[in-house]
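Here's the letter readout for the chains.
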Amino acid sequence: MPFANCPATKRSRIRHPLYIFCPLLFCTLLLCYILLSSAFVTKMSNEKADQMIRSSSVEEMSSVDLDSAFGPSGFRGLVRSSNILFYSLFASLGGFLFGYDQGVISGVLVMRDFEKRFPRVGGNGDLQGWVVSIMQLGAFVGALINSPLADRFSRRYSIAVACVAFLIGSVLQAGAIDNSMLFIGRFIGGIGLGQISMGVPLWIGEIAPPNLRGSAVTLQQFAIACGIMISFWLDYGTQYIGGIGEGQSQLAWRLPFALRVIPAIALLIGCFFILPFSPRWLVKVRREHEALAVLSRLRKLPENHPIVQAEIMQIKAGARFDALTIKEKFPNAKTSAQIAYQQYKELFTQKHLAKRLFVACFLQFLQQFTGVNAIIYYAPKMFKSIGLSGNSVSLLATGVVGIINVVATVPAIGIVDNYGRRVVLMFGAIFMSLSHFIIATLYAIYEHSWAEHLFAGWAAAAFVWFFVFNFAYSVGCIAWIYPTEIFPLGVRAQAMGIAISVNWISNFVIGLITPIMLNHIKFGTFYFFFAFTMVLFCWVMFFLPETKGVPMEEMDKLWGGSEGKETADRMGRIQNELKCESRNVPIYSKTSSYSDDLDIEMQEQY
């Protein structure tokens with residue numbers, strides 16, 4: 001027991017850490033419950049939504065009606081749209097792999113047999129940082145290279161390629177016999193994880209309707225949290241294989257590395273036999289009949305239903321608008337590579353696209369610099385540093401981090417599409433800042449006397465848990481939502497690749513510097529993360545736009561991309577052409593032959 005060695009006089013003055021943590025957890029859960037309850041009361045009932053759907057037609061249905069016709073958001077919406085729930089959960093196996101890899105390494109690094117077989121790593125904080133960070137470096141590469149794969153071969157096949165890379169890396173790590181094999185396995189596995197972290201949320205965001213997009217993408221973060229939790233507790237259990245001392249078996253750390261191939265194989269098979277193509281990607285490559293069939297399957301409605309027809313028209317209008325804009329902006333770009341180069345360039349040179357890219361990238365940067373992965377990667381080391389002695393105790397405390405991470409992600413599924421992204425982010429940022437400040441202060445006061453003040457050590461651990469809780473429902477989820485929804489279809493994959501690569505390079509930096517900071521500036525590590533959580537709060541409050549409920553094809557109105565008369569006229573012509581096509585009416589306009597030529601070129605290109 002942690003308090004077994006305490007003198008009786010001191011033990012009586014020590015209170016259980018749950019006396020601090022439970023009231024904080026209860027208050028936060030109560031806040032989430034109030035938000036969820038009021039959201040459910042004010043949302044449209046299913047019966048009213050169905051009545052409106054039956055009374056609508058394609059011509060009468062405006063974009064606002066279309067958004068409302070999809071019905072409620074949050075938990076109710078996901079349960080009602082069981083297809084979206086199933087496909088999102090299955091694709092989120094990629095998020096599970098992401099979280100599992102993040103969590104498993106923290107426990108492996110402190111296992112006795114691993115330290116014996118890799119003595120240069122086990123006793124060297126800098127090399128431990130590289131073992132963790134080399135995976136993020138590979139993921140940075142993977143996120144960048146997945147963009148052209150996702151555009152050329154589809155979102156789901158790019159995920160399949162990622163699974164193969166991850167499997168190769170996992171086998172190398174599980175069978176590692178020296179440092180080189182371990183590092184190479186971590187890097188190759190990281191490439192696969194980087195591709196998965198870009199491809200899965202992109203695919204989920206493109207199959208979900210506007211009212212469920214945030215909730216569906218949040219399932220990715222829920223899967224990440226589940227992966228982290230399971231890996232933490234698996235590490236805690238496998239450490240006892242052969243004992244926790246000198247006789248510990250090599251299976252104690254090889255087994256956690258090896259078991260992750262099971263969900264990777266399942267996701268790989270599912271990419272070919274379960275997951276459908278993204279309807280938006282199908283429209284982009286001019287496979288519109290397939291897109292209509294997939295959309296009908298996703299919405300559980302017949303192909304001629306007004307909702308399906310209106311949504312496919314909206315998707316086609318957005319895709320045709322992007323293609324026509326590219327044709328007019330880049331008349332000299334003849335190949336896919338030339339167009340891709342121009343699109344990447346445009347992300348930095350077009351004001352409204354550069355603004356979106358900054359938001360997506362800065363949010364990914366701040367997500368990492370809240371310090372959450374510093375805790376996930378080095379939780380046992382951190383808990384030891386705040387006075388919780390023994391590998392078993394620190395791994396047990398780490399396992400609690402995993403449980404809280406999962407539990408706290410659940411409310412986000414219900415609130416991000418009801419109360420919006422900004423409010424949830426600001427609540428999370430405030431409580432994360434408070435947690436870091438208290439941890440740092442306790443560390444500064446009791447740094448050299450944890451043994452005499454075990455209550456302070458457990459209090460610090462409680463606020464670590466409270467920090468994880470507030471991270472999970474806020475920036476942990478929403479940082480994945482924004483990049484999937486704010487970009488036009490023509491540059492969405494490219495922008496997602498850049499944003500997710502920023503996440504991974506930030507992750508790489510955090511993994512590298514955290515053990516160094518814990519060794520040198522100690523409690524200053526938590527003041528460092530406190531400063532970034534305050535930056536997150538101020539930036540969200542004053543600069544971040546709200547995107548709740550805005551269709552992907554109408555994001556330009558929010559970000560200023562279609563304010564000019566020329567672009568507005570272009571969209572109007574495209575919508576008019578699509579309406580005429582849906583009625584089989586001949587189109588007599590100066591742009592019709594131009595659009596036909598554009599369709600032919602797009603077909604040849606893909």
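Residues numbered from 1 in each chain as written. Predicted model: local features only at pLDDT ≥ 70, side-chain atom pairs only at ≥ 80, totals over all residues. Heavy atoms only, no water.

(A) Expanded view of the overall build of the protein. Counting secondary structure elements, the protein contains 30 helices and zero strands. The buried share among the 606 residues of the protein stands at 59%. A fraction of 82% describes how many contacts in the protein between residues 6 or more apart in sequence connect residues 24 or more apart. Total accessible area computed for the protein in this model is approximately 23100 Å², and 66% of it derives from carbon and sulfur atoms. (Helix = DSSP H or I, 4+ residues; strand = E, 2+ residues; numbered from the N terminus. Buried < 20%, exposed > 50% of the residue type's maximum accessible area, 1.4 Å probe, protein only. Contact = heavy atoms within 4.5 Å. Areas by Shrake-Rupley, 256 points an atom, 1.4 Å probe, with all protein chains shown as cover.)

(B) Just the nonpolar core, in detail. Phe 114 and Trp 465 are the most contacted members of the largest nonpolar core, which has 143 residues in total. Looking at this core element by element, the count peaks at 14 residues for helix α24 (residues 454-473). Dropping the residues within four chain positions of it, Phe 114 is found in contact with Val 108, Leu 109, Val 121, Leu 182 and Trp 253. Ala 317, Phe 321, Leu 324 and Met 571 belong to the second largest nonpolar core, which has seven residues in total. (Core = buried A, V, L, I, M, F, W, Y, C linked by side-chain atoms within 4.5 Å.)

(C) Layout of the pattern of salt bridges. For the structure shown, the criterion picks out 16 salt bridges. Across the pair Glu 288 and Arg 286 runs a salt bridge, and its minimum N-O distance is 2.7 Å. No difference in accessibility class separates Glu 288 from Arg 286, as the two residues are buried. (Salt bridge = Lys/Arg side-chain N within 4 Å of Asp/Glu carboxyl O.)

(D) Layout of unusual backbone geometry. Its identity as a non-glycine residue notwithstanding, Arg 286 has a phi of 65 degrees, on the positive side. Examined against the element boundaries, Arg 286 turns out to sit in the loop between α16 (279-284) and α17 (288-299). A positive phi is found at Lys 522, a non-glycine position, where the angle reads about 50 degrees. Of note, Lys 522 is situated in the loop between α26 (489-520) and α27 (524-543). Of the residues examined, Lys 522 reaches a relative accessible area of 29% and is grouped as partly exposed.

(E) Structural view of a nonpolar patch on the surface. Side chains of Leu 251, Leu 255, Leu 259 and Ile 262 sit close together on the surface and give an oily, nonpolar patch of about 330 Å² of accessible area. Element by element, the count of residues in the nonpolar patch is highest for helix α14 (residues 251-259), at three residues. Within the secondary structure layout, Leu 251 lies in helix α14. (Patch = residues over 30% accessible without salt bridge, like charges linked within 9 Å, V, L, I, M, F, W, Y side chains within 5 Å.)

(F) Quick look at the side chain of Glu 288. Tracing the sequence through the fold places Glu 288 in helix α17. Side-chain polar atoms of Glu 288 contact the side chain of Lys 316, separated by 3.5 Å. (Polar contact = N/O pair within 3.5 Å; in protein donor to acceptor, adjacent residues only side chain to side chain.)

(G) Local environment of the packing of α17 against helix α18 (residues 306-329). The geometry of α17 relative to α18 is characterised by a closest axis approach of 10 Å and an angle of 135 degrees between their N-to-C directions. Comparing the axis directions of α17 and α18 gives the class oblique. The element α17 and its partner α18 pack so that their crossing is right-handed. Along its contact with α17, which presents Glu 288, Ala 291, Leu 292, Leu 295, Ser 296 and Arg 299, the element α18 presents Val 308, Gln 309, Glu 311, Ile 312, Ile 315, Lys 316 and Arg 320. Looking at the contact of α17 with α18 residue by residue, the classes come out as six nonpolar, two polar and five charged. (Axes fitted to C-alpha atoms, helices over the stretch in contact; angles between N-to-C directions. Parallel < 35°, antiparallel > 145°, perpendicular 65-115°, else oblique. Left-handed = near helix turned anticlockwise from the far one by under 90°. Nonpolar A, V, L, I, M, F, W, Y, C, P; charged D, E, K, R; others polar.)

(H) Local environment of the packing of aromatic side chains. Here the structure, examined in full by the defined rule, presents 34 aromatic pairs. Judged by centre distance (6.4 Å) and plane angle (50 degrees), the ring pair of Trp 458 and Trp 465 falls under tilted. Accessibility expressed as a relative area gives 12% for Trp 458, which makes it buried. Through successive ring pairs, a cluster of aromatic residues spans Phe 358, Phe 362, Phe 365, Phe 369, Phe 528, Phe 529, Phe 532 and Trp 539. Above the plane of the ring of Phe 277 lies Arg 156, whose end atom (NZ or CZ) is 4.0 Å from the centre. Arg 287 extends its terminal NZ or CZ atom over the ring of Phe 277, reaching a point 5.0 Å from the ring centre. (Phe/Tyr/Trp six-rings, centres within 6.5 Å; stacked < 30°, edge-to-face > 60°. Lys NZ or Arg CZ within 6 Å of the ring centre and 35° of its normal.)

(I) Broad picture of the side chain of His 436. Relative to the helices and strands, His 436 is located in helix α23 (residues 421-446). When sequence neighbours within four positions are dropped, the list of residues in contact with His 436 reads Thr 370, Phe 467, Phe 526, Phe 529, Phe 530 and Thr 533.

(J) Main features of the confidence of the model for the protein. Mean pLDDT over the protein: 81, with 80% of residues reaching 70 or higher. Counting interchain partners and residues more than four positions distant, the pLDDT-below-50 stretch residues 29-64 has 55 contacts. Ignoring residues within four places in sequence, the model shows residues 586-606, a span with pLDDT below 50, making 29 contacts including any to other chains. (pLDDT = per-residue confidence, 0-100.)

(K) A look at the environment of Ile 315. One can find Ile 315 in helix α18. Assessed through its relative accessible area of 1%, Ile 315 is described here as buried. Distance in space between the C-alpha atoms of Ile 315 and Val 283 is 7.4 Å, their sequence separation being 32 residues.

(L) Representation of the state of the cysteines in the model. Counted by the stated rule, this structure contains zero disulfides. With no disulfide of its own, Cys 163 has Cys 271 as its nearest cysteine by sulfur position, at a separation of 5.1 Å. Relative accessible area serves as the criterion here: at 0%, Cys 163 is assigned to the buried category. (Disulfide = S-S within 2.5 Å.)

(M) Broad picture of α18. Its 24 residues give α18 an end-to-end C-alpha distance of 34 Å, which sits within 8% of 34 Å, the value for a rise of 1.5 Å per residue. The element α18 is extensively covered by neighbouring structure, given that 20 of its 24 residues are classed as buried. (Expected span 1.5 Å × (residues − 1).)

(N) Focus on the packing of helix α7 (residues 93-108) against helix α13 (residues 213-238). Running from amino to carboxyl end, α7 crosses α13 at an angle of 30 degrees, the nearest separation of the two axes being 6 Å. Here α7 is positioned roughly parallel relative to α13, judged by the angle of their axes. For α7 against α13, the interelement crossing comes out right-handed. Between α7, through Gly 95, Phe 96, Phe 98, Gly 99, Tyr 100, Gln 102, Gly 103, Val 104, Ser 106, Gly 107 and Val 108, and α13, the contact on the second element is made entirely by Gln 220, Ala 223, Ile 224, Cys 226, Gly 227, Ile 228, Ile 230, Ser 231, Phe 232, Leu 234 and Asp 235. Its residues placed into classes, the contact of α7 with α13 shows 12 nonpolar, nine polar and one charged.

(O) Examining α17 more closely. An ideal rise of 1.5 Å per residue puts 16 Å on 12 residues; α17 measures up with 16 Å between its terminal C-alpha atoms. What α17 keeps buried is the set Glu 288, Ala 291, Leu 292, Val 294, Leu 295, Ser 296, Leu 298 and Arg 299. For α17, the secondary structure elements touched by its buried residues are α6 (82-91), α12 (179-207), α16 and α18. Lys 300 sits one or two positions beyond α17 and adopts a positive phi of about 55 degrees.

(P) Structural detail: the environment of Ala 208. Tracing the sequence through the fold places Ala 208 in the loop between α12 and α13. Residue Ala 208 is classed as buried on the basis of its relative accessible area of 2%. Discounting chain neighbours no more than four positions away, the residues touching Ala 208 are Ile 84, Arg 213, Ala 216, Arg 280 and Arg 299.

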